[in-house]
Amino acid sequence: MKGNEAIAHAAIRYGADGYFGYPITPQSEILETLEELMPWETTGMVVLQAESEVAAINMVYGGASTGKAVFTSSSSPGVSLKQEGISYIAAGELPALIINVMRGGPGLGTIHPSQSDYFQATKGGGHGDYHLIVLAPASVQEMADFVGLGFDLAFKYRTPAMILADGIVGQMMEKVVLPPARPRRTDEEIARQCPWAVTGRAASRRHPNVETTLELDDERMEQNNLRFQRTYREIEANEVRFEEYYTDDAEYLMVAFGSIARICLKAIEDARERGMKIGLIRPITLWPFPKGQIEKLSRKVKGVLTVEINAGQMVEDVRLAVEGRVPVYHYGRMGGIVPNPQEVLDAFISHFPETARQ
Amino acid sequence: MTIEEIKQNGTVVACKPRLLNDNNMHYCPGCSHGVVHRILAEIIDEMHLDDNIIGVAPVGCAVFAYNYIDIDWIEAAHGRAPAVATAAHRLNPDRVVFTYQGDGDLAAIGTAEAIHAANRGENITIIFINNGIYGMTGGQMAPTTLEGMKTSTTPYGRRVDLNGYPLKISDLFAQLDGTCYVTRQSVHTPAAVRKAKKAIAQAFRNSIEKRGTSVIEIVSTCNSGWKMSAAQSNKWMEENMFPHYPMGDLKNTVK
Amino acid sequence: MPKVRGAVDINKERCKGCDLCVVACPCDVLSLQPKEVNDRGYHFAFTVEPDKCIGCAACATVCPDGCITVYRAVEK
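All of the points below concern the structure found in this document. (Residues numbered from 1 in each chain as written. Chains lettered and ligands numbered in written order. Predicted model: local features only at pLDDT ≥ 70, side-chain atom pairs only at ≥ 80, totals over all residues. Heavy atoms only, no water.)

## Description of the interface of chain A and chain B
Frequently, the measure chosen for interface size is the accessible area removed from exposure when the parts meet.
Inference 1: With 37 residues of chain A at the contact, the number on the chain B side is 32 residues.
Inference 2: Summed over the three residues of chain A that lose the most area to chain B, namely A:Glu51, A:Gly200 and A:Leu214, the buried surface amounts to 18% of that side.
Inference 3: At the junction of chain A with chain B, the criterion picks out four salt bridges.
Inference 4: Counting the contacts that link chain A with chain B gives 20 residue pairs in polar contact (both at pLDDT 80 or more).
Inference 5: Of all the secondary structure elements, the ones that give two or more residues to the side of chain A that touches chain B are strand E1 (18-21), strand E2 (46-49), helix H4 (53-65), helix H5 (76-91), helix H10 (202-205) and strand E7 (210-211) of chain A.
Inference 6: With eight residues, the single largest contributor to the side of chain A that touches chain B is H4(A).
Inference 7: The residue inventory of the side of chain A that touches chain B, partitioned by class, reads 17 nonpolar, 13 polar and seven charged.
Inference 8: One ladder, built from two bridges, connects E7(A) with strand E3 (residues 72-75) of chain B; its direction is parallel. Paired with A:Glu211 across the bridge in E3(B) is B:Ile74. (Contact = heavy atoms within 4.5 Å. Buried area = accessible area lost by both parts, 1.4 Å probe. Salt bridge = Lys/Arg side-chain N within 4 Å of Asp/Glu carboxyl O. Polar contact = N/O pair within 3.5 Å; in protein donor to acceptor, adjacent residues only side chain to side chain. Helix = DSSP H or I, 4+ residues; strand = E, 2+ residues; numbered from the N terminus. Nonpolar A, V, L, I, M, F, W, Y, C, P; charged D, E, K, R; others polar. Pairing = 2+ DSSP bridges.)

This is the structure:
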């Protein structure tokens, strides 16, 4: 099935309580598949086509405030519209899942694939000091798997998580093993697991629960921010995820996330047949970024190339990890163009011509 | 009977409602918000809803509504309360969910969310405080500001050629198939307060019975923004606001 | 003939002296303190003519801050 469809199936099987979305290419299959599957008849999951991305993310804010597992999806221009709500969800310390199936920008841009929302996803996106846990799937299987992972991390740390997919992973079809189906949590389980949830049961609880992001007392607002930062440090310590290929004997390193990592892997395998010892690191969490592993690898390789479907965004984080020990270059295409393995290898050789002479 | 004997032996016919807590409300002296908060607290108690209700607070003067009425609340982003309430109710269909919004929140930045929630017939109650001005930010023009009315952003009076017309958004709500009850009330006299209270109670009953969206507009005063005393504001409201925003039901399908 | 009598208690620290109860009272029972202020600096409401109160609760009904308790008793 398509990556977008896998997300819809995985969410129902995870026991998600609600989805709120607005159509935009190339991710509309998520909403379409959910409407077709009618989970409200089976698990009781709510599916609603909102009047806008702004409304949809605020529905997520409202649903998450009541302790429910809720999510939304969109593509780049729509995710820009959601940024206000995402900032509120982060400030409200609410668990929620946001899916961005990226297309090329800026502006209305193109409906074709891109990875140009890396900055927006990993550096905050909306206003204020906050982070999202950002998961970058490279296969339809990961599209399905990261729904559950994203929700679990969001609830564990009470912070929103984002699946940052590109249009390729959203649209391509692969075999996928869907996660086992499990029931939605009961109201009693929610009240127990989320004692902060605004369930409307103030009298039973003997105190009101209030979900607010406003704090006009400066000391307390700073304390709130310090608490958010402690959570982010904890996530950085525990949740970095990445995959490595051929790094054991690598003399050079490529860094790529999402679908382009698969193209890089093909380029590297071709290069290895020619005796060029290149390794690949594929960050799975873009935030927290696997800077420790990249730093470690940068001590043994001669150079690094990041390959992204953008003008060079993740390369900045790679350079921060490498700290100037070896040269770090970027190769990317824009406008919805996805480079093929030969182009990637040509770019690599143009930056590191010594490898071709070996 | 002495006054002390009346207090000792008489019945209490009015007092601060149980759910209105002891926090001093930040509203200016004489602000209509206080009256509406008080009657909301009374209704929630009288209808035994305090274990079954979620309020959604706006951005504007009522942003701190959650500090005063002891029920569960969600503080929404500016204008987004009806979207927040939509999800809160759909995911918790047994709860009574209401939004409490001012004219800027509901009729300017949040027009889309309000109209579409009402058009979907969400089983929620929208309480809409219309005082024709932005109170919290210091008295700027609202969509409901009357023609000729002076505000800090219309210092020579609102001109329709520049600023458009005062928006009768409740008339729009009444046109939507999703609304079951749209009424315009005020809280400036004892009789008006009693009628407004009945209207809100009716709206909550509509929500419980899942009849669609109820909208209670309360034409209100902002004496700080209007730059007059509370009593003068009430008089000004009667003379100027009521002709443009007439009192009474605009729609009631639940008679 | 039985006569309805009323009495009011005003939470003077909660009162903001907005004057709405004074205007609403049909029997001129209430007034604002001309000089004295509460801890927050407001000229709070008080019963200037307590014996005139009929316990109609108009004052409490329009009070924005829930400051007023009204008692009613029938005098035989």
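## Quick word on helix H14 (residues 314-322) of chain A
Residue and element names in this part refer to chain A.
Inference 1: Of the residues making up H14, those classed as buried are Met314, Val315, Asp317, Val318, Ala321 and Val322. Taken end-on, H14 shows its buried residues confined to a sector of 160°, consistent with a single buried face.
Inference 2: On its buried side, H14 packs onto helix H6 (118-122), strand E9 (252-255), strand E10 (278-283), helix H13 (291-298), strand E12 (303-308) and strand E13 (328-332).
Inference 3: Residue Glu323 follows H14 closely and has a positive phi angle near 50°. (Buried < 20%, exposed > 50% of the residue type's maximum accessible area, 1.4 Å probe, protein only. Arc of directions from axis to C-beta.)

## Things to note about the packing of aromatic side chains
Inference 1: By the definition in use, this model includes 16 aromatic pairs over all chains.
Inference 2: Here the aromatic rings of A:Phe71 and A:Phe151 are separated by 5.9 Å at their centres, their planes lie at 85°, and the arrangement is edge-to-face. Pair noted here: A:Phe71 is in strand E3 (residues 70-74) and A:Phe151 is in helix H7 (residues 140-157), with a separation of 80 residues, a long-range link. Each member of the pair, A:Phe71 as well as A:Phe151, is classed as buried.
Inference 3: Centre to centre, the rings of B:Phe98 and B:Phe204 are 5.6 Å apart; their planes meet at 45°, and the pair counts as tilted. Taken together, the positions of B:Phe98 in strand E4 (residues 96-102) and B:Phe204 in helix H8 (residues 190-208) put the pair 106 residues apart, joining distant regions of the chain. With respect to class, B:Phe98 is no different from B:Phe204; both count as buried.
Inference 4: Taken together, the ring pairs connect A:Tyr14, A:Tyr19, A:Phe71 and A:Phe151 into an aromatic cluster.
Inference 5: The ring of A:Tyr14 has A:Arg182 lying over it, and the distance from NZ or CZ to the ring centre is 4.1 Å. (Phe/Tyr/Trp six-rings, centres within 6.5 Å; stacked < 30°, edge-to-face > 60°. Lys NZ or Arg CZ within 6 Å of the ring centre and 35° of its normal.)

## So, the nonpolar core
Inference 1: Of all hydrophobic cores here, the largest spans 121 residues; its most connected members are A:Phe20, A:Leu34, A:Phe71, A:Val304, A:Val318 and B:Phe173.
Inference 2: When residues of this core are assigned to domains, at least three fall in each of domain 1 (3-171) and domain 2 (242-355) of chain A.
Inference 3: Apart from the residues lying within four places of it in its own chain, the contact partners of A:Phe20 are A:Val46, A:Leu48, A:Ala56, A:Met59, A:Val60, A:Val70, A:Phe71, A:Thr72, A:Ser73, B:Ala87 and B:Leu91.
Inference 4: Judged by nonpolar contacts, the second largest core, of 48 residues, contains B:Ala41, B:Ile43, B:Trp73 and C:Cys18. (Core = buried A, V, L, I, M, F, W, Y, C linked by side-chain atoms within 4.5 Å. Domains from an automatic or database assignment.)

## A closer look at the interface of chain C and chain B
Inference 1: With 34 residues of chain C at the interface, the matching set in chain B holds 34 residues.
Inference 2: For the pair chain C and chain B, the summed buried area comes to about 2600 Å², and 61% of that belongs to carbon and sulfur atoms.
Inference 3: Remark: the boundary between chain C and chain B carries one salt bridge.
Inference 4: Residue B:Lys7 pairs with C:Asp9 through a salt bridge whose shortest N-O separation is 2.6 Å.
Inference 5: The interface formed by chain C and chain B contains 14 residue pairs in polar contact (both at pLDDT 80 or more).

## Details of the pattern of salt bridges
Inference 1: Scanning the entire structure with this criterion turns up 44 salt bridges over all chains.
Inference 2: Its salt-bridge partner being B:Arg90, residue B:Glu122 comes within 2.9 Å of it at the nearest N-O pair. Highlighted residues: B:Glu122 in the loop between helix H5 (111-119) and strand E5 (125-130) and B:Arg90 in helix H3 (residues 81-91), separated in sequence by 32 residues.
Inference 3: You can call B:Glu122 buried: its relative accessible area is 3%.
Inference 4: Residue B:Arg90 is classed as partly exposed on the basis of its relative accessible area, which comes to 30%.
Inference 5: It is possible to trace a salt-bridge network through shared partners that takes in A:Glu51, B:Arg90, B:Arg120 and B:Glu122.

## Overview of the packing of H4(A) against H5(A)
Residue and element names in this part refer to chain A.
Inference 1: Remark: H4 packs on H5, axes separated minimally by 8 Å, with the N-to-C direction vectors making an angle of 25°. When the interaxial angle is binned, H4 and H5 end up roughly parallel. The way H4 lies across H5 gives a crossing that is right-handed. Taking contact as the criterion, the partners of Glu53, Val54, Ala56, Ile57, Asn58, Val60 and Tyr61 in H4 are, on H5, Gly78, Leu81, Lys82, Glu84, Gly85, Ile86, Tyr88 and Ile89. (Axes fitted to C-alpha atoms, helices over the stretch in contact; angles between N-to-C directions. Parallel < 35°, antiparallel > 145°, perpendicular 65-115°, else oblique. Left-handed = near helix turned anticlockwise from the far one by under 90°.)

## Regarding the sheet that holds E9(A)
Whether parallel or antiparallel, the strands of a sheet pair through hydrogen bonds between backbone atoms.
Residue and element names in this part refer to chain A.
Inference 1: Strand order in the open sheet formed by five strands is E8-E10-E9-E12-E13, and the pairing between neighbours is mixed. Single-partner strands in this sheet number two, and they are strand E8 (242-245) and E13. Across this sheet, the average inter-strand angle for adjacent strands is 20°, counted without regard to direction.
Inference 2: Of the pairings in the sheet, the one linking E12 to E13 comprises five bridges and is parallel in character. Along E13, the bridge assignment pairs Val307 with Tyr331.

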